[in-house]
Amino acid sequence: MATGETGFDDVSFDLISLQYHSLKAGHDYGQYVRDASNAGREDIADFFREVMQQDSERAKRCHDLLRDISGTEQAGPAMT
């Protein structure tokens, strides 16, 4: 498994990246929910809440997978 300049293998880096982006998006969606609610569009606010929940679940799944590979040779030197 390749390890780049960061000390993380590609899979670990990819999981960390996906987790970060899922958490960041979830944070941003809070504003989208408020915007839709302020516009009187609870249907759209509900949609944003649904997407926020999906990203939260995605971030947790990344966390679980990272925990599973942490300390193994799969994770590379930065996670051992």
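Further up the page is the structure itself.
Residues numbered from 1 in each chain as written. Predicted model: local features only at pLDDT ≥ 70, side-chain atom pairs only at ≥ 80, totals over all residues. Heavy atoms only, no water.

Student: Is there a simple way to think about the pattern of salt bridges in this case?
Tutor: A pair can form between side chains of opposite charge whenever their charged atoms are brought close. Counted according to the given criterion, the structure contains seven salt bridges. Asp46 is paired through a salt bridge with Arg49; the nearest N and O atoms lie 2.8 Å apart. Taken together, the residues Asp46 and Arg49, both in helix α2 (residues 42-69) and three residues apart, mark about one turn of the helix. The exposure class of Asp46 is partly exposed, given its relative accessible area of 43%. Among the residues examined, Arg49 registers a relative accessible area of 37% and is labelled partly exposed. In this structure, Arg58 engages Asp55 in a salt bridge whose closest nitrogen and oxygen atoms are separated by 2.4 Å. Here Asp55 and Arg58 lie together in helix α2, a separation of three residues that amounts to about one turn. Given the relative accessible area of 36%, Arg58 is considered partly exposed. (Salt bridge = Lys/Arg side-chain N within 4 Å of Asp/Glu carboxyl O. Helix = DSSP H or I, 4+ residues; strand = E, 2+ residues; numbered from the N terminus. Buried < 20%, exposed > 50% of the residue type's maximum accessible area, 1.4 Å probe, protein only.)

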